[in-house]
Amino acid sequence: MWKVPLFELNYDSAESKAVQEVLDSQWLSMGEKTQTFEKRFTEMLNDSEVKCTLVSNCTAALYMALLALELKSDDEVIIPSMTFVADLNATLMAGAKPVLADCDSLENWNISAQTIRPLITPKTKAVMIVHFAGYPCEMDEIVALCQQHKLALIEDVAHAPGATYKGKACGTFGDVGCFSFFSNKNLSTGEGGMISTRNETMYERIRHIRSHGMSTLTFDRHKGRAISYDVIRPGLNFRSDEIHAALGLAQLDKLSNANHQRALLSAYYRKKLKDIPEVSVPFEKVGDTLPVYHVFPILLPKQLDRIKVITSLKEDGIQSSIHYPSFQDFTGFKNLSLNSTPISYEISERELTLPLFPTMTNAQVDMVVKSLKKAIKKAVL
């Protein structure tokens, strides 16, 4: 259907072989592949104090992190207003009150210490940040702010596996890091997530919450390392499985090169988009960071009908998307007292996401930019 899809998997025989090995082993639940993936992912983060836990998805990871913090019903969690709804949902489901932090600016769509600080109250217990589109937040100031006010720091690293800030891996700054392996992510297993933490107490709580609060896993009993189990605390089933772990291992081998290809494509996009002065691209200045370019967002001019742009692109076989609609506009949150976030709200109204994936070609970028140029001319209000 699409000449240029929004995203395309970089799967090949490596993923097929990985899955077949699991099927041949006849063990599908969490086992050796899961343990190996956790170990190798931890090694990728390059922090000897960090431990990782594979879970069913990033939303589960965020929810588990909040549960492990043992928040109370009147506790407040500061979260980004420019992000996927999972961050808001996880906070609400954990029984805490979400407080929205605005984007730093129209050029930097991440939250910052400057947008977090005015929101801190005696009820604030945690801050959740997102490295939007794979561009790391300014972590020095955020970490210092959280330490000053004794606030837990949760990193949503769904967009940023492999990204670094001043040489340090995203997902290792906070009390907990939460990664996503959804189909369109930099490391894709279809569904899946990882939790990183250097806090031993949080690590133990997360391991128990993942599997019904049980002291031993089915694989331990299968291997004869345990006969029965105790239940240490209440928990649910947030486990992953061996097939997803095997896919994760195959994708982990490709992650560095895939992120490099995304970087090259993003640079080429920026060069070509200079021919469309009406369009601006955020995160022009990356500073002392290594982004991983999860998606390629642009900001359309105010006097444009975005639906017409999307429709025109579609007619040319170009898929696009919106990252993200505003929380304040969702039906399910109309009765929720969400604070105003004018910068992110404006971005939500004007943002458009263009195709980006590791196997994309410069010729496909040319097609997208040519189609976008035509679409903008047709969509002027």
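Above this text is the structure in question.
So, here's what we can say about the structure.

**Remarks on the pattern of salt bridges**
Moving on, step 1. Inspection of every chain in the model, using the stated rule, returns 21 salt bridges.
Moving on, step 2. We note a salt bridge from Lys125 to Asp75, for which the minimum N-O separation is 3.6 Å. Of this pair, Lys125 sits in strand 4 (residues 124-130) while Asp75 sits in the loop between helix 3 (58-68) and strand 2 (76-80), placing them 50 residues apart in sequence.
Moving on, step 3. In this structure Lys125 comes out as partly exposed when scored by relative accessible area, which is 35%.
Moving on, step 4. Residue classification places Asp75 among the buried positions, given a relative accessible area of 7%.
Moving on, step 5. Taking the shortest distance from any N to any O, the salt bridge between Asp366 and Lys272 comes out at 3.8 Å. Placement of Asp366 in helix 12 (residues 362-378) and of Lys272 in helix 9 (residues 242-273) is noted, with a sequence separation of 94 residues between them.
Moving on, step 6. We classify Lys272 as partly exposed; its relative accessible area is 24%.
Moving on, step 7. In this structure, a network of salt bridges that share partners links the residues Asp47, Glu49, Lys168 and Arg198.

**A few points about the state of the cysteines**
Moving on, step 1. Inspection of every chain in the model, using the stated rule, returns zero disulfides.
Moving on, step 2. Not part of a disulfide, Cys52 finds its nearest cysteine sulfur in Cys178, a span of 11 Å.
Moving on, step 3. On the basis of relative accessible area, Cys52 is assigned to the buried category, the value being 4%.
Moving on, step 4. With no disulfide of its own, Cys137 has Cys170 as its nearest cysteine by sulfur position, at a separation of 7.8 Å.

**Digging into the nonpolar core**
Moving on, step 1. With 38 residues, the main nonpolar core has Tyr269, Ile298, Val309 and Leu372 as its most contacted residues.
Moving on, step 2. Of all elements in the fold, only helix 9, strand 11 (296-299), helix 10 (306-315), strand 12 (351-354) and helix 12 reach the threshold of two or more residues within this core.
Moving on, step 3. Per-element accounting of this core gives the leading share, six residues, to helix 12.
Moving on, step 4. Residue contacts for Leu372: discarding those within four places in its chain leaves Leu273, Ile276, Val279, Ile298, Val309, Leu313, Leu352 and Leu354.
Moving on, step 5. Within the second largest apolar cluster, 35 residues are counted, among which are Ile79, Leu88, Leu100 and Ala158.

**A look at the pairing of strand 11**
Moving on, step 1. Alternating positions in strand 11 separate into two faces, Phe296 and Ile298 on one and Pro297 and Leu299 on the other, with burial throughout.
Moving on, step 2. Summarising the sheet, strand 11 and strand 12 pair through four bridges and their orientation is antiparallel. Bridging across to strand 12, Ile298 finds its partner in Leu352.

**Some points on the sheet that holds strand 10 (residues 289-290)**
What links the strands of a sheet is backbone hydrogen bonding, and the strands pair in either a parallel or an antiparallel sense.
Moving on, step 1. Strand order across the open sheet formed by three strands is 7-6-10, with antiparallel pairing between neighbours. At either end of the open sheet lies a strand with only one pairing partner, and these are strand 7 (168-169) and strand 10.
Moving on, step 2. The pairing of strand 6 (residues 164-165) with strand 10 spans two bridges and is classified as antiparallel. Among the inter-strand pairings, Tyr165 is bridged to a residue of strand 10, identified as Thr289.

**With respect to unusual backbone geometry**
Moving on, step 1. Across the junction of His323 and Tyr324, the peptide omega takes the value 5 degrees, indicating a cis bond.
Moving on, step 2. You can see Tyr324 is positioned in the loop between helix 10 and helix 11 (342-350).
Moving on, step 3. Of note in this structure, Gln26 is not a glycine but carries a positive phi near 60 degrees.
Moving on, step 4. By the secondary structure assignment, Gln26 is in the loop between helix 1 (13-25) and helix 2 (32-45).
Moving on, step 5. The class for Gln26 is exposed, based on a relative accessible area of 71%.

Rules used in this analysis
- Residues numbered from 1 in each chain as written.
- Predicted model: local features only at pLDDT ≥ 70, side-chain atom pairs only at ≥ 80, totals over all residues.
- Heavy atoms only, no water.
- Salt bridge = Lys/Arg side-chain N within 4 Å of Asp/Glu carboxyl O.
- Helix = DSSP H or I, 4+ residues; strand = E, 2+ residues; numbered from the N terminus.
- Buried < 20%, exposed > 50% of the residue type's maximum accessible area, 1.4 Å probe, protein only.
- Disulfide = S-S within 2.5 Å.
- Core = buried A, V, L, I, M, F, W, Y, C linked by side-chain atoms within 4.5 Å.
- Contact = heavy atoms within 4.5 Å.
- Pairing = 2+ DSSP bridges.

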